[in-house]
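Okay, here's what each chain looks like letter by letter:
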Amino acid sequence: MSKTISAGDLRIELKQSDESALFKWFIASFLMGKRIQADIAAEAYRVIVEKHSRDTARKLAGCSHRELVVMLGEAHYVRYDETTAERLRHLGKKLVDEYAGKIGNIQSASEDRKAFEKRLGEFEGVGPKTIEIFMRDAAAVLY
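Residues numbered from 1 in each chain as written. Predicted model: local features only at pLDDT ≥ 70, side-chain atom pairs only at ≥ 80, totals over all residues. Heavy atoms only, no water.

- Looking up the chain in an unreviewed UniProt entry gives the name DNA methylase, with the organism given as Pseudomonas prosekii.

Structure representation (structure tokens):
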């Protein structure tokens, strides 16, 4: 079984109302939520967010499918690269279109934690595992 990687392990300091950190942790959680080694998912996060500066929903949504596939390949995240690339683009676009690019707006639109988690699950490719990983660290600053 893969080791558990926290937001802190990725040098993401989650604080209340820190949209940048929440977005970064959401992307990392999304990548780690797939059946792939945690170290490879963490490297994919570093390549996409840190190396290529796709650190906002708008920047992520603006990537081409090919660009994201190349970034995932650079991190050796190749098992699901095609579908993951497409889902990352959709995630960024949905976050921008429906929530002005902010995780906090998902929270504001949700009556409680359960409703928030349900809204997260409405993003393509975000399932129970991704939500569990994200909330493990983010719940403390969101709820």
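Past the structure itself, the notes keep going.
### Some remarks on the packing of helix H1 (residues 19–32) against helix H8 (residues 128–142)
Any two packed helices are characterised by how steeply their axes cross, that is the angle between the axes, and by the distance between the axes.
Move 1: Viewed as axis vectors pointing N to C, H1 and H8 meet at an angle of 160°, and their least axial separation amounts to 7 Å. When the interaxial angle is binned, H1 and H8 end up roughly antiparallel. The handedness of the crossing between H1 and H8 comes out as right-handed. Between H1, through Leu22, Trp25, Phe26, Ser29, Phe30 and Met32, and H8, the contact on the second element is made entirely by Thr130, Ile133, Phe134, Arg136, Asp137, Ala138, Val141 and Leu142.
Move 2: The residue makeup of the contact of H1 with H8, split by class, is ten nonpolar, two polar and two charged. (Axes fitted to C-alpha atoms, helices over the stretch in contact; angles between N-to-C directions. Helix = DSSP H or I, 4+ residues; strand = E, 2+ residues; numbered from the N terminus. Parallel < 35°, antiparallel > 145°, perpendicular 65-115°, else oblique. Left-handed = near helix turned anticlockwise from the far one by under 90°. Contact = heavy atoms within 4.5 Å. Nonpolar A, V, L, I, M, F, W, Y, C, P; charged D, E, K, R; others polar.)

### Focus: H1
Move 1: If you check H1, its first and last C-alpha atoms are 20 Å apart, about what 14 residues at 1.5 Å a residue would give, namely 20 Å.
Move 2: Taken residue by residue, H1 has Ala21, Leu22, Phe23, Trp25, Phe26, Ile27, Ala28, Ser29, Phe30, Leu31 and Met32 as its buried positions.
Move 3: With a side-chain oxygen positioned 3.3 Å from the backbone nitrogen of Ser20, the residue opening H1 is Asp18. (Expected span 1.5 Å × (residues − 1). Buried < 20%, exposed > 50% of the residue type's maximum accessible area, 1.4 Å probe, protein only. Polar contact = N/O pair within 3.5 Å; in protein donor to acceptor, adjacent residues only side chain to side chain.)

### Describing the packing of aromatic side chains
Move 1: Here the structure, examined in full by the defined rule, presents five aromatic pairs.
Move 2: Taken together, Phe26, Tyr99, Phe116, Phe123, Phe134 and Tyr143 form an aromatic cluster joined through their ring pairs.
Move 3: We note Lys34 situated over the ring of Phe30; from NZ or CZ to the ring centre the distance is 4.1 Å.
Move 4: Geometry around Phe123 places Lys94 over its ring, the cationic atom sitting 5.5 Å from the centre. (Phe/Tyr/Trp six-rings, centres within 6.5 Å; stacked < 30°, edge-to-face > 60°. Lys NZ or Arg CZ within 6 Å of the ring centre and 35° of its normal.)

### So, the side chain of Ser29
Move 1: Along the chain, Ser29 falls in helix H1.
Move 2: For Ser29, a relative accessible area of 0% translates into the label buried.
Move 3: One polar contact links the side chain of Ser29 to the main-chain amide nitrogen of Phe134, over a distance of 3.4 Å.
Move 4: Those residues in contact with Ser29 that sit more than four places away from it in its chain are Thr130, Ile133 and Phe134.

### Some words on H8
Move 1: The first and last C-alpha atoms of H8 sit only 18 Å apart over 15 residues, clearly below the 21 Å expected at 1.5 Å per residue.
Move 2: For H8, the principal kink sits at Arg136 and spans about 50°.
Move 3: Burial in H8 covers these residues: Thr130, Ile131, Ile133, Phe134, Met135, Asp137, Ala138, Ala139, Val141 and Leu142.
Move 4: Contacts from the buried residues of H8 go to H1, helix H6 (103–108) and helix H7 (113–120). (Bend = angle between axes of the 7 residues up to and from the residue.)

### Description of the side chain of Asp81
Move 1: Mapped onto the elements of the fold, Asp81 is located in helix H5 (residues 81–99).
Move 2: One buried charged residue, Asp81, remains without a salt bridge, the closest side chain of opposite sign being Arg66 at 6.3 Å. (Lys, Arg positive; Asp, Glu negative; His and termini not counted. Salt bridge = Lys/Arg side-chain N within 4 Å of Asp/Glu carboxyl O.)

### Focus: the pattern of salt bridges
Move 1: Following the criterion strictly, the structure yields 14 salt bridges and no others.
Move 2: Across the pair Arg87 and Glu124 runs a salt bridge, and its minimum N-O distance is 3.7 Å. Of this pair, Arg87 sits in helix H5 while Glu124 sits in the loop between H7 and H8, placing them 37 residues apart in sequence.
Move 3: Residue Arg87 is classed as partly exposed on the basis of its relative accessible area of 29%.

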